[in-house]
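Take a look at the letters that make up each chain.
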Amino acid sequence: MEIEIGNLLKEKNLTISCAESCTGGLLTDRLTNVAGSSAYVKGAVVAYANEIKINVLRVNAETVKNFGAVSEQTAKEMAENVRQILNTNIGVSITGIAGPGGGTPEKPVGTVFIGISGDKGDKVEKFQFNGSRTEIKEKTVEAALVLIQVYLTNNF
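Attention here is on the structure that accompanies the text. A quick note: this is a predicted structure, and the numbers were derived from the prediction, not measured.

Across the sheet, five strands lie side by side as β2-β1-β3-β4-β5; this open sheet has mixed pairing. Two strands lie at the open edges of the sheet, namely β2 (41-46) and β5 (121-128), each paired on one side alone. Strand-to-strand twist across the sheet, computed as the mean angle between neighbouring axes with direction ignored, equals 10 degrees. Here five bridges tie strand β1 (residues 16-20) to strand β3 (residues 90-96), and the two strands are oriented parallel to one another. Bridging from a neighbouring strand, C18 pairs with V92 of β3.

This part takes up the pattern of salt bridges. Oppositely charged side chains are able to pair whenever their charged atoms sit close together. Scanning all chains against the criterion turns up six salt bridges. In this structure, the salt-bridge partner of E142 is R30, at a minimum N-O distance of 2.7 Å. Of this pair, E142 sits in helix α6 (residues 133-152) while R30 sits in helix α2 (residues 26-32), placing them 112 residues apart in sequence. R83 is paired through a salt bridge with D119; the nearest N and O atoms lie 2.7 Å apart. Taken as a pair, R83 in helix α5 (residues 72-85) and D119 in the loop between β4 (111-118) and β5 lie far apart in primary sequence, 36 residues in all.

Turning our attention to the pairing of β5. Examined bridge by bridge, β4 and β5 share eight bridges and lie antiparallel to one another. Of the residues in β5, the one forming a bridge with V112 is F127. The antiparallel pairing of β4 with β5 creates a hairpin that spans two residues between the two strands.

Before going further, it helps to examine the packing of aromatic side chains. Enumeration over the complete set of coordinates arrives at one aromatic pair. When the centroid spacing of 5.4 Å and the interplanar angle of 10 degrees are considered together, the rings of F127 and F129 count as stacked. Judged by its relative accessible area of 23%, F127 is partly exposed. Since its relative accessible area comes to 13%, F129 is described here as buried. The cationic tip of K120 hangs over the ring face of Y151; the distance from NZ or CZ to the ring centre is 4.7 Å.

Those residues of helix α1 (residues 2-12) not exposed but buried are E2, I5, G6, L8 and L9. Seen from one end, α1 has its buried residues packed into an arc of 165 degrees, which puts them on one side. Turned more than 90 degrees away from the buried face of α1 sit I3 and E11, all of them exposed. Buried residues belonging to α1 abut β1, α2, β3 and α6. Looking one or two residues past α1, N13 carries a phi angle of roughly 55 degrees, positive in sign.

Conventions adopted
Residues numbered from 1 in each chain as written. Predicted model: local features only at pLDDT ≥ 70, side-chain atom pairs only at ≥ 80, totals over all residues. Heavy atoms only, no water. Pairing = 2+ DSSP bridges. Helix = DSSP H or I, 4+ residues; strand = E, 2+ residues; numbered from the N terminus. Axes fitted to C-alpha atoms, helices over the stretch in contact; angles between N-to-C directions. Salt bridge = Lys/Arg side-chain N within 4 Å of Asp/Glu carboxyl O. Phe/Tyr/Trp six-rings, centres within 6.5 Å; stacked < 30°, edge-to-face > 60°. Buried < 20%, exposed > 50% of the residue type's maximum accessible area, 1.4 Å probe, protein only. Lys NZ or Arg CZ within 6 Å of the ring centre and 35° of its normal. Arc of directions from axis to C-beta. Contact = heavy atoms within 4.5 Å.

In structure tokens form, the structure reads like this:
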């Protein structure tokens, strides 16, 4: 899927950046596994700690305080801001709870928000994945790749 996404990005002359939390850079790894990806992947921020989300990605501290680091609002700001900071056409964000700990009744392990920001607008999708930590991370990246593909094929 990352090869197809790369081809679409090159064809449309678009660039992409990522802001990842619970996946720890796994999405960026997948995108950059494609030869020639330096033509469209400009960079990424792994914002695992809230202070990085706030101080580097410029997520509003009140957003994190009021809605949590794992929220639609935080994912939206992460996607918008990484796009602006790294000067790309598309910004993608991932924030979630990969487990096995850290879940709550409101946000159980496997809760993930994936955001995308671009000229076509912004969108955040919420997912609830099951499995081990590694499986949740892999499922999250697959979902993010699908969201990017949908965005690029004008089905957004």
